[in-house]
Amino acid sequence: MAVGARSGHEGPEERPENRQDPSVTPPPTEPDEQNRTAEDGEPAPETGGRAQARQDRKKPRSFWKELPLLIVIALVLALVIKTFLVQAFSIPSDSMQNTLQQGDRVLVDKLTPWFGAEPERGEVVVFHDPDNWLAGEPTTTPNALQTGLSKIGLMPSADEKDLIKRVVGVAGDTVECKGTGPLKVNGKPLDEPHIYPGNTPCTVDDLGGQFKVIVPNGKIWVMGDHRQNSLDSRYHQQDKDRGMVPVDEVVGRAVVVAWPPTRWNTLPVPDTFDQPGLNAALGAAPSALGLAGALPLVLWRRRRLLAQDSRDSRVTGTSTAG
């Protein structure tokens with residue numbers, strides 16, 4: 001036998017230890033990285049389109065993409081606030097000096113009237129023009145920016161004809177002015193430090209400065225704090241409401257001066273409107289109505305008791321006679 005002879009096939013000779021016995025099952029192979037399971041304590045990573053889609057969902061949206069949505073939400077909220085809660089108004093005249101100056105911006109509470117509250121004496125209120133009070137007043141044409149801001153309540157609308165005055169009388173009140181004053185409500189003189197310095201509480205003229213009125217139900221009587229420079233209820237007594245302002249025309253109560261910053265201030269009710277006895281006339285009216293309503297009931301009850309007594313007497317007399 002020749003040394004180094006081959007077994008009859010080409011290629012490297014296979015060592016005996018490398019030969020695999022076909023009867024032996026090979027051991028399981030280690031899973032690769034893509035097929036690893038939760039046995040290792042970690043979830044198997046996603047691959048392909050699913051992983052990319054998940055990354056896209058987790059990625060925050062750009063500020064510029066969200067900006068239009070934020071603007072729409074802000075506009076809707078501003079519109080809701082303007083309609084139901086608070087609205088800003090600009091003071092166009094000097095009729096409320098020195099309480100309010102021309103150019104002031106006031107915030108008006110529009111929420112309270114939704115719950116049935118009505119204007120009270122001493123409050124500063126904004127109301128729609130009741131009967132062409134602003135006839136002849138100059139109007140300005142707003143630019144596009146002012147028009148947009150007015151629609152969301154950040155500026156007053158040029159289309160709205162609104163006025164701002166102080167409530168002096170409410171339903172049932174008797175309001176009167178004689179000579180230079182003082183102004184009286186239900187016979188009580190008012191101490192009015194809020195009126196313009198140098199003004200008298202009442203104005204001596206034949207145009208309406210001297211008056212005595214009774215405020216009907218559903219109406220208010222208003223006057224400006226600048227008494228000698230205010231075309232208020234006094235000077236509209238010839239209109240359909242006799243100078244009164246319907247409560248339904250009241251937008252709301254002005255509660256604070258919001259602009260300019262140097263004028264920031266609240267608008268409280270002056271103490272003189274809380275003086276004792278001012279509501280005496282109003283308090284007598286409900287009492288009288290209550291008495292008038294109770295009188296028929298008392299008479300009916302008394303008649304019934306008398307009839308009962310008469311029946312009892314007849315019964316007693318019959319039994320005795322028998």
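To be clear, the structure that these remarks concern was listed above.
Read on for a plain summary of the structure. This is a predicted model, so every value here is computed, not measured.

Turning to the overall build of the protein, a few remarks are in order. Broken down by element type, the protein carries four helices and twelve strands. When burial is assessed residue by residue, the protein has 29% of its 322 residues classed as buried. Counting only contacts in the protein whose residues sit at least 6 apart along the sequence, the fraction spanning at least 24 positions is 72%. Of the roughly 22000 Å² that the protein leaves accessible, carbon and sulfur atoms contribute 57%.

For strand 3 (residues 124–128), the buried fraction is high: four of the five residues fall into the buried class. Sheet topology places strand 3 next to strand 4 (residues 162–169); five bridges connect them, and they run antiparallel. Across the sheet, residue Val-125 finds its bridge partner in strand 4, namely Lys-165. Note that strand 3 and strand 11 (residues 250–259) share three bridges and pair antiparallel. When the bridges of strand 11 are listed, Val-125 appears paired with Arg-253.

The next subject is the sheet that holds strand 5 (residues 174–177). Within the open sheet, the four strands sit side by side as 7-6-5-8. Their pairing is antiparallel. Pairing within the sheet leaves two strands with one partner each, and these edge strands are strand 7 (188–189) and strand 8 (211–214). Judged from the four bridges that link them, strand 5 and strand 8 form a sheet pairing that is antiparallel. When the bridges of strand 8 are listed, Cys-177 appears paired with Phe-211.

Now for the state of the cysteines. Covalent bonding between the sulfur atoms of two cysteines is what defines a disulfide. Counting across every chain of the model gives one disulfide. One disulfide in the model links Cys-177 with Cys-202; its S-S distance is 1.9 Å. Taking the sign of the torsion about the S-S bond as the criterion, the disulfide between Cys-177 and Cys-202, at about -75°, is left-handed. Linking Cys-177 in strand 5 with Cys-202 in the loop between strand 7 and strand 8, this pair joins segments that are 25 residues apart in sequence. Here the two residues Cys-177 and Cys-202 agree in accessibility, since each one is buried.

Judged by side-chain polarity, Leu-85, Val-86, Leu-111, Trp-114 and Phe-115 come together as a nonpolar surface patch covering roughly 520 Å² of accessible area. Position of Leu-85 among the secondary structure elements: in helix 2 (residues 63–85).

Let us now look at the pattern of salt bridges. Tallying each qualifying case throughout the model produces seven salt bridges. Put simply, Arg-263 and Asp-104 hold a salt bridge, and the shortest N to O gap is 2.8 Å. Of the two residues, Arg-263 sits in the loop between strand 11 and strand 12 (265–266) while Asp-104 sits in the loop between strand 1 (86–90) and strand 2 (105–109), which places them 159 residues apart along the sequence.

Inspection of the secondary structure assignment puts Lys-161 in the loop between helix 3 (144–151) and strand 4. Here Lys-161 falls in the partly exposed class, since its relative accessible area comes to 38%. In this structure, the C-alpha to C-alpha distance between Lys-161 and Trp-133, residues 28 residues apart in sequence, is 9.0 Å.

Bringing the nonpolar core into the picture now. Counting residues in each nonpolar core, the largest one holds 15 residues, and the members touching the most others are Val-168, Val-175, Leu-183, Phe-211 and Trp-221. Here Val-168 is in contact with Arg-121, Asp-173, Val-175, Leu-183, Val-185, Trp-221, Val-222, Met-223 and Phe-273, once residues within four sequence places are set aside. Membership of the second largest hydrophobic core comes to 13 residues, among which are Leu-100, Val-126, Ile-164 and Val-251.

Criteria and cut-off values
All residue numbers refer to positions counted from 1 along the written sequence of the respective chain. Local features in a predicted model are, by the rule used here, given only for residues with pLDDT of at least 70; side-chain atom pairs are given and counted only at 80 or more, and totals for whole chains, interfaces and linings are based on all residues. Excluded from the side-chain calculation are hydrogens and water; included are all heavy atoms of the structure. Only DSSP runs of H or I covering at least 4 residues are called helices, and only runs of E covering at least 2 are called strands; the numbering of each starts at the N terminus. Relative accessibility under 20% of the residue-type maximum defines a buried residue, over 50% an exposed one, and the middle range a partly exposed one, all with a 1.4 Å probe and only protein chains included. The contact criterion used throughout is that any non-hydrogen atoms of two residues lie within 4.5 Å. What sets the accessible areas is the Shrake-Rupley method with a 1.4 Å probe; for residues, cover comes only from the shown protein chains. Between any two strands, pairing holds if DSSP finds at least two bridges. Cysteine sulfur atoms are paired as a disulfide whenever they come within 2.5 Å of each other. The patches described consist of residues with a relative accessible area above 30% and no salt bridge, like charges being joined within 9 Å and nonpolar side chains (Val, Leu, Ile, Met, Phe, Trp, Tyr) within 5 Å. Any Lys or Arg side-chain nitrogen located within 4 Å of an Asp or Glu carboxyl oxygen qualifies as a salt bridge. The nonpolar core is taken to be a set of buried Ala, Val, Leu, Ile, Met, Phe, Trp, Tyr and Cys residues, with the residues joined through side-chain atoms within 4.5 Å.

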